[in-house]
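Secondary and tertiary structure notes
Residues per chain are reported as follows:
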Amino acid sequence: MVTLVNTLDPNHKSQAASAMQEKERPRHPEKAHRPDNPVQRKPKWIRVKAPTSPVYKETHELVRKNNLVTVCEEAGCPNIGECWSKKHASFMILGDTCTRACAFCNVRTGMPGPVDQNEPESIGKAVASMGLEHVVITSVDRDDLDDGGATHFANVIAAIRKASPKTTIEVLTPDFLRKEGAVEIVVAAKPDVFNHNMETVPSNYLKVRPGARYFHSIRLLQRVKEIDPEMFTKSGIMVGLGEERNEVLQLMDDLRVADVDFLTVGQYLQPTKKHHPVMNFPTPDEFKAYEKIAYAKGFLKVSANPLTRSSHHAGEDFAELKAARKAKQGN
């Protein structure tokens, strides 16, 4: 899944000036003081071949030509070759700087710049020009905004609906912590899928996701279904962060209480030596067991394997999600 950060701002500095600023501006100032955690060698089931397909190269050129920044590259996503070769795309809105400092994440942290009010129209045009059947809209955390960026999410959804009416839309939102009414704004814009990732089990939150609150995230997903029972909801976690198996199973139960439809489970991969270490690499068989249990607990759709990422295969998964609901309803 290609994640594109829209940087087409007419007031944007030249690439040379931006590159100079990049050298002067630390990417993770809040992580600089942390002790080093050696990056472990990945097991054979996680290693992937270097991308070489012509379509991958075409997508790569499209990204460079339009001066776009990709989370796929910055995070070193193992699926970049597959997804770019399929021209799959998700857009990262509200800038490239996050107000949180999660221990697992490689997105830049700091004080974000102003919101680009032209971004919704730009993304709508991009979705239409690329002919996307399904698009994922995600963002950094924007604790500095009164609504956490919810209105901007709604504006982007509206712009895509106008420019490309047949495109289905999935949002992957932050938690909107202490932003009253924010989730209602996004749900009212009628995305087809509302995704918010739990990321890890509650015992890990203070060290892995310190700016978030586990039960607030559960409540957010539950609130989506209270507002619109027909809207598909989705959440994802990473394993390999030191969680116990029974904690993962309890998290599944908590998500089912919130009536979440779709669960993704993937392997955590450490971005740099300053990030949280990988505690273990569950085998493909262990992921298969999580998938089997999750289906038994009532999820309509489950994707659990070492290379699973929240937006990986999002379009195909959405089609399967709709089919699973119809089958359950006997239609």
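A tally of regular secondary structure across the protein gives 12 helices and 11 strands. Within the protein, the proportion of its 331 residues that are buried is 51%. The long-range share in the protein, meaning contacts at least 24 apart out of those at least 6 apart in sequence, stands at 79%.

Turning to helix α11 (residues 284–296), a few remarks are in order. Look at α11: 19 Å from first C-alpha to last across 13 residues, which is about the 18 Å you get at 1.5 Å a residue. Every buried residue of α11 is listed here: F287, Y290, E291 and A294. The buried residues of α11 occupy an angular sector of 100° when projected down its axis, which confines them to one face. Away from the buried face of α11 by more than 90 degrees, exposed residues D285, K288, K292 and A296 are located.

Quick look at the state of the cysteines now. Taken as a whole, this structure holds zero disulfides when the rule is applied. Of the cysteine sulfurs around C102, a residue in no disulfide, the closest is that of C105, at 6.3 Å. Among the residues examined, C102 registers a relative accessible area of 13% and is labelled buried.

By secondary structure assignment, the location of Y268 is in the loop between β10 (262–267) and α11. As for Y268 and F104, which are separated by 164 residues in sequence, their C-alpha atoms are 7.9 Å apart. Contacts of Y268, omitting those with residues within four sequence positions, involve A103, F104, M238, V239, G240, L241, H275, H276, P277 and V278.

Mapped onto the secondary structure, C102 falls in the loop between β4 (97–98) and β5 (108–109). A sequence separation of 110 residues divides C102 from A212, and the C-alpha atoms of the two residues are 8.9 Å apart. When neighbours within four sequence positions are excluded, C102 is seen to be in contact with K31, V208, R209 and P210.

It is worth spelling out the confidence of the model for the protein at this point. Looking at the protein, the pLDDT average stands at 84 and 79% of residues meet or exceed 70. Every residue in residues 1–23 scores below 50 in pLDDT, and together they form 54 contacts with partners more than four places removed in sequence or on other chains.

Turning to the pattern of salt bridges, a few remarks are in order. All chains considered together, the criterion is met by 20 salt bridges. Between R142 and D144 there is a salt bridge; the shortest N-O distance is 2.8 Å. For D144, a relative accessible area of 33% gives the class partly exposed. Of the charged contacts, one joins D259 and K225 as a salt bridge, the two residues approaching to 3.6 Å between their closest N and O atoms. You can see D259 sitting in the loop between α10 (245–257) and β10 and its partner K225 sitting in helix α9 (residues 214–227), a full 34 residues away along the chain. Accessibility expressed as a relative area gives 36% for D259, which makes it partly exposed. Residue classification places K225 among the buried residues on the basis of a relative accessible area of 8%. When salt bridges that share partners are traced, they join K225, E230, R256, D259, D261 and R325 into one network.

The subject of this paragraph is the pairing of strand β11 (residues 301–304). Across the two faces of β11 the burial is the same, with K301 and S303 and V302 and A304 all buried. Looking at chain direction, β10 and β11 are connected through four bridges and run parallel. Within the sheet, the bridge partner assigned to F262 lies in β11 and is K301. You can see the chain leave β10, run along α11 and come back into β11, and the turn it takes is right-handed.

Another aspect to go through is the nonpolar core. Grouped together as the largest cluster of nonpolar side chains are 54 residues, with contacts concentrated most on I137, F194, M198 and L255. Core analysis: the next-biggest nonpolar cluster, separate from the first, contains 11 residues, C102, V208, L241 and L307 among them.

Let us look at helix α6 (residues 150–163). Residues separated by three or four positions in an α-helix point in the same direction, a consequence of the helix having 3.6 residues per turn. The first and last C-alpha atoms of α6 sit 20 Å apart over 14 residues, in line with the 20 Å expected at 1.5 Å per residue. Looking only at α6, the buried set comprises A150, H152, F153, A154, V156, I157, A159 and I160.

Right, let's talk about the packing of α9 against α10 for a bit. Where α9 meets α10, the axes come as close as 9 Å, and the angle between the chain directions of the two elements is 35°. Where α9 approaches α10, its residues Y214, F215, I218, L221 and Q222 are matched on the opposing element by L251, D254, L255 and V257.

What follows deals with the packing of aromatic side chains. A full pass over the atoms with the stated rule returns four aromatic pairs. Between Y214 and F215, the aromatic rings sit 4.9 Å apart at their centres with planes inclined by 90°, giving edge-to-face as the arrangement. Under the relative-accessibility criterion, Y214 is labelled buried at 5%. A ring pair is formed by F232 and F318, whose centres lie 5.9 Å apart and whose planes are at 90°; its orientation type is edge-to-face. Here the residue F232 occupies a position in strand β9 (residues 232–239), and F318 occupies one in helix α12 (residues 314–329), the gap between them amounting to 86 residues. Linked through ring pairs, Y205, Y214 and F215 together constitute an aromatic cluster. The ring of F299 carries the charged tip of R256 above its face, separated from the ring centre by 5.4 Å.

Calculation notes
Residues numbered from 1 in each chain as written. Predicted model: local features only at pLDDT ≥ 70, side-chain atom pairs only at ≥ 80, totals over all residues. Heavy atoms only, no water. Helix = DSSP H or I, 4+ residues; strand = E, 2+ residues; numbered from the N terminus. Buried < 20%, exposed > 50% of the residue type's maximum accessible area, 1.4 Å probe, protein only. Contact = heavy atoms within 4.5 Å. Expected span 1.5 Å × (residues − 1). Arc of directions from axis to C-beta. Disulfide = S-S within 2.5 Å. pLDDT = per-residue confidence, 0-100. Salt bridge = Lys/Arg side-chain N within 4 Å of Asp/Glu carboxyl O. Pairing = 2+ DSSP bridges. Right-handed = clockwise from strand over helix to strand, strands pointing away. Core = buried A, V, L, I, M, F, W, Y, C linked by side-chain atoms within 4.5 Å. Axes fitted to C-alpha atoms, helices over the stretch in contact; angles between N-to-C directions. Phe/Tyr/Trp six-rings, centres within 6.5 Å; stacked < 30°, edge-to-face > 60°. Lys NZ or Arg CZ within 6 Å of the ring centre and 35° of its normal.

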